Amino acid sequence: MIDERMGDQWMELEDRYTCGVYRKQPVVMVRGEGVRVWDTEGREYVDCATGHGVVLLGHAHPAVVAAIQEQAHRLITCPETLYNDRRAELEAELVSLAPWAERVFLCNSGTEAVEAALKFARLVTRRPGIIAARNGFHGRTMGALSATWRPEYRRPFEPLVPGFTHVPYNHPGALEEAIGPDTAAVILEVVQGEGGVYVGDGAYLRRAQELCRQYGALFIVDEIQTGLGRTGRMLACDHHGLEPDMVCLAKGIAGGVPMGAVLLGPRVGKLPPAAHGSTFGGNPLACAAALATLRTLREQKLPERAAELGAFFLSRLREVRSPLIREVRGLGLMAGVELRRKARPYLRALLQRGVLALTAGPIVLRFLPPLVIAQEELEWVVQKLEEALAETSLSEDGDDG
Ligand code: PLP
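Quick notes on the rules
Residues numbered from 1 in each chain as written. Predicted model: local features only at pLDDT ≥ 70, side-chain atom pairs only at ≥ 80, totals over all residues. Heavy atoms only, no water. Pairing = 2+ DSSP bridges. Helix = DSSP H or I, 4+ residues; strand = E, 2+ residues; numbered from the N terminus. Axes fitted to C-alpha atoms, helices over the stretch in contact; angles between N-to-C directions. Contact = heavy atoms within 4.5 Å. Expected span 1.5 Å × (residues − 1). Buried < 20%, exposed > 50% of the residue type's maximum accessible area, 1.4 Å probe, protein only. Domains from an automatic or database assignment. Buried area = accessible area lost by both parts, 1.4 Å probe. Salt bridge = Lys/Arg side-chain N within 4 Å of Asp/Glu carboxyl O. Nonpolar A, V, L, I, M, F, W, Y, C, P; charged D, E, K, R; others polar. 1 Å grid on protein atoms, 1.4 Å probe; cavity = no way out; pocket = protein on both sides within 12 Å on 5 of 7 lines; lining within 4 Å. Points joined across faces, edges and corners; volume = space filled by probe spheres on them.

K.L.:
Tell me about the sheet that holds strand E6 (residues 164-167), residues and numbers included.
P.N.:
Strand order in the open sheet formed by seven strands is E4-E12-E11-E10-E7-E5-E6, with mixed pairing between adjacent strands. One side of each edge strand has no neighbouring strand; the edge strands of this open sheet are strand E4 (103-107) and E6. The sheet shows a mean angle of 20° between the axes of neighbouring strands, direction not considered. Relative to E6, strand E5 (residues 129-133) runs parallel, the two sharing four bridges. Opposite Ile130, over in E6, you have Phe164 as the bridge partner. With respect to the sheet, helix H4 (residues 85-95) is in contact with E4, strand E11 (246-249) and strand E12 (260-264), its orientation differing from that of E4 by roughly 120°.

K.L.:
Lay out helix H5 (residues 110-125) in plain terms, naming residues and giving numbers.
P.N.:
The terminal C-alpha atoms of H5 lie 23 Å apart, and with 16 residues this matches the ideal 22 Å at 1.5 Å per residue to within 8%. All of the buried residues in H5 are Gly110, Thr111, Ala113, Val114, Ala116, Ala117, Leu118, Phe120, Ala121 and Thr125. Phi for Arg126, located one or two positions after H5, is positive at around 55°.

K.L.:
Which residues make up the domain arrangement of the protein chain, and what values do they have?
P.N.:
Segmentation of the protein chain into domains returns domain 1 (7-60 + 301-390) and domain 2 (75-299). Inter-centroid distance (C-alpha atoms) of domain 1 to domain 2 is 25 Å. Summed over both sides, the interface between domain 1 and domain 2 buries roughly 2200 Å², with carbon and sulfur atoms accounting for 63% of that surface. Of all residues in domain 1, Leu56, Leu331 and Met334 bury the most surface against domain 2, accounting for 28% of the area lost on that side. Taken together, domain 1 and domain 2 are joined by one salt bridge. Residues Arg366 and Glu194 are paired through a salt bridge, measuring 3.1 Å at the closest nitrogen-oxygen approach. Counting only elements with at least two residues in the side of domain 1 that touches domain 2, the list comes to helix H2 (50-53), helix H11 (302-319), strand E13 (325-331), strand E14 (334-339) and strand E17 (364-367). At five residues, the largest contribution of residues to the side of domain 1 that touches domain 2 is made by H11. Across the side of domain 1 that touches domain 2, the residue classes break down as 17 nonpolar, seven polar and five charged.

K.L.:
Outline the layout of surface pockets, listing residues and values.
P.N.:
Empty space within the second largest pocket amounts to approximately 900 Å³. Taken together, 29 residues form the lining of the second largest pocket, with Glu80, Glu91, Val104, Phe105 and Lys270 sitting closest to its centre. Listed by contribution, the elements that provide at least two residues to the lining of the second largest pocket are H4 and E4. Split by residue class, the lining of the second largest pocket holds 15 nonpolar, eight polar and six charged.

Okay, here's the thing in structure tokens:
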């Protein structure tokens with residue numbers, strides 16, 4: 001029988017055996033429902049971290065739970081070398097997300113979706129060059145990491161994949177200079193999430209697409225964090241009328257079950273057999289969870305809700321009077337509060353007040369609440385942030401542990 005009040009023991013056990021690559025918050029989470037999660041001590045938290053932006057519908061959404069249970073009884077695994085009913089349904093549903101999308105590749109995570117998109121770009125164009133943006137984040141496998149900007153993530157693993165160039169974000173001139181006949185693809189986020197919640201300018205993103213067309217390169221939009229309603233549209237591309245050649249999706253796509261996907265447009269077309277693959281890609285369990293998630297997002301008009309609540313949240317965050325705040329940025333329910341100090345101590349102060357949040361780089365606090373959060377709950381989060389920022393005992397250097 002597990003003693004629910006033994007948080008310290010679980011932390012000790014994990015600290016002893018985990019590989020160590022994660023900086024952990026000192027709580028042991030055991031249950032989630034809707035917007036809230038609970039730790040071993042029974043303390044309740046409003047989840048604005050949502051497993052790095054995964055939980056769009058809230059924890060344990062009944063439609064997702066029922067879909068997983070039903071599918072687990074029927075068929076959990078089935079490789080893509082065989083057909084499957086749930087997968088067929090999901091593929092059609094995913095392609096219907098964007099008028100330009102024709103096909104889809106299914107995988108198991110964000111970095112795999114990016115990795116696939118980069119490979120497809122080279123395969124189709126037979127060119128080596130990939131252009132990505134400074135401050136961009138695309139994942140941690142060798143190809144995706146080569147597109148990721150942050151030197152701390154890259155340096156220990158060099159040499160990375162050759163052919164990658166990074167240009168300043170929101171700077172059309174720099175892209176015009178960098179793109180050329182060797183460019184296979186340009187990969188950009190609509191809002192740079194991990195890099196600091198920098199909102200892309202519509203004219204810049206449209207220019208990037210235009211330059212890709214002009215040079216015969218493919219335009220890849222990484223919507224792993226912005227996708228599926230978070231920014232107030234089903235795809236953040238829809239804010240700007242973008243029609244990329246590939247869109248990468250993951251995180252919340254299957255209600256918390258690991259899944260990634262790449263939407264493919266006509267310039268990618270149908271790919272040759274054996275060009276790429278994945279044992280677990282398109283497994284029926286994840287497909288059933290994704291179908292339930294996408295249908296719920298649509299039926300409950302959650303992107304529209306994210307647009308309304310996001311506007312409220314951002315305007316309330318902008319009203320917070322604190323000398324520590326440099327800027328509030330965001331789109332929909334994707335919000336960043338840039339501080340004049342390190343953000344991690346304030347993450348801890350928020351945790352102590354019952355709010356789970358994230359950082360985005362060293363000085364930005366990031367909030368990615370579920371799209372089902374209530375306005376009153378967002379108001380409560382703003383109050384807790386005000387209290388946390390007013391706490392004077394936090395050291396300037398920050399608790400980076
Ligand atoms: N791309 C973006 C924009 C992301 O935000 C992330 C994860 O935070 C990734 C790619 C990598 O996704 P994953 O952690 O599922 O590999």
